[in-house]
Amino acid sequence: MLSHAHPPPPVPAAGGGRGVEFRRKLHFLSSELHLDPFPLLAVHPALRSAPLPLLEDSLRLLTSHGLSARDAARVFSAFPSLLTSPPDAPLRFLSADAPLPPPLLRAAVVRSPRLLAASVPDTLIPALRFLRRRVSLRREPLPLAAALLLAFSVERTLLPKLLFLRDATGLPDPAVCALLRRAPAILSYGIESNLTPKLQFLTERMGRDAAAELAEFPHYFAFSLDRRIRPRHEALRERGIEMSLKDMLTINDYDFSERLRDVTLSATKFRL
């Protein structure tokens, strides 16, 4: 979101049509979109000379695809240039070619406004082809986690993650693609910040086979290493309890504690 620390730009003098037009734009941004107009003007000076109807057209375009005015404000706050360059092409692609029905399109754009700032030929089309052809993700519509990936570069983000998983786990391409179809969000995780440390913990500290475990439960990477994976593994190790990766991570804290308590009580009764 935009910072509000920018000093406000000078407002044109009251006399003349240009001053009236400028004040109408300020009113539109602040009253219709509930945005502070001055940071927007500082980041995107073209707003100063853009005609008000163009800004209104940009808002209408987004609302015509199922977004609310509040959703549109979120998009424009992240990418002010979309106010003066309505994202017709990305919206046509997402709604017709991806294709994302209105509720899914709205959810994807609210989560990732840069979908509307992405180039159709350079980013959106290659990403969709990658998911459809390389990963063989045929589901229509795309799941939300996969729709969010359309904003990523194939060469800089998507392909490197696939190749990393193949090389790090020893799984062949078809097996890697199979787990990515089940958990496409993996392609948005950082290699150094997420995938590498969690794979190392899985194999070195937990002593598990990465290929077998990930084939069974690819959502492993979605859980926090420090807040979920490590403490639960240590709790099980201290008590000598074995549990599947899925059970270890997906049950809630209360049920996990109950499992530990039940196993501990059973072991105590057996010794007695």
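Since the structure is predicted, the reported quantities are computational estimates derived from the model, not experimental observations.

Rules used throughout
- Residues numbered from 1 in each chain as written.
- Predicted model: local features only at pLDDT ≥ 70, side-chain atom pairs only at ≥ 80, totals over all residues.
- Heavy atoms only, no water.
- Helix = DSSP H or I, 4+ residues; strand = E, 2+ residues; numbered from the N terminus.
- Expected span 1.5 Å × (residues − 1).
- Buried < 20%, exposed > 50% of the residue type's maximum accessible area, 1.4 Å probe, protein only.
- Core = buried A, V, L, I, M, F, W, Y, C linked by side-chain atoms within 4.5 Å.
- Contact = heavy atoms within 4.5 Å.
- Polar contact = N/O pair within 3.5 Å; in protein donor to acceptor, adjacent residues only side chain to side chain.
- 1 Å grid on protein atoms, 1.4 Å probe; cavity = no way out; pocket = protein on both sides within 12 Å on 5 of 7 lines; lining within 4 Å.
- Points joined across faces, edges and corners; volume = space filled by probe spheres on them.
- Nonpolar A, V, L, I, M, F, W, Y, C, P; charged D, E, K, R; others polar.
- Phe/Tyr/Trp six-rings, centres within 6.5 Å; stacked < 30°, edge-to-face > 60°.
- Lys NZ or Arg CZ within 6 Å of the ring centre and 35° of its normal.

Visitor: How would you summarise helix α3 (residues 52-63) if you had to cite specific residues and measurements?
Guide: Compared with an ideal rise of 1.5 Å per residue, which puts 12 residues at 16 Å, α3 spans 17 Å between its outermost C-alpha atoms and is within 8% of the ideal. Those residues of α3 that sit buried are L52, L55, S58, L59, L61 and L62.

Visitor: Residue-level account of the nonpolar core, with values.
Guide: Membership of the largest hydrophobic core comes to 89 residues, with the highest contact counts inside it found for L150 and Y220. Non-local contacts of Y220, meaning those with residues more than four positions away in its chain, are made with K198, F201, L202, L214, I229, L245 and L249.

Visitor: I'd like a rundown of the side chain of S153, residues and numbers included.
Guide: With respect to the helices, strands and loops of the structure, S153 is situated in the loop between α9 (144-147) and α10 (154-169). A distance of 3.3 Å separates the side chain of S153 from the backbone nitrogen of E155, its partner in a polar contact.

Visitor: Which residues make up empty space enclosed by the protein, and what are the values?
Guide: Within the structure shown, the criterion is met by one cavity of 30 Å³ or more. Of the volumes computed, that of the largest cavity is approximately 30 Å³. Around the largest cavity sit F22, K25, L26, L29, L41, L47 and L55, which together line it. With four residues, helix α1 (residues 17-32) is the single largest residue contributor to the lining of the largest cavity. Partitioned by chemical class, the residues of the lining of the largest cavity number six nonpolar, no polar and one charged.

Visitor: Which residues make up the packing of aromatic side chains, and what are the values?
Guide: Under the counting rule described, the total for this entry stands at two aromatic pairs. Considering the side-chain rings of Y220 and F221, the 5.5 Å spacing of their centres and the 65° angle between planes classify their relative orientation as edge-to-face. Take Y220 and F221: they sit in the same class, and that class is buried. One residue, R114, lies across the ring of F152, its end atom 4.4 Å from the ring centre.

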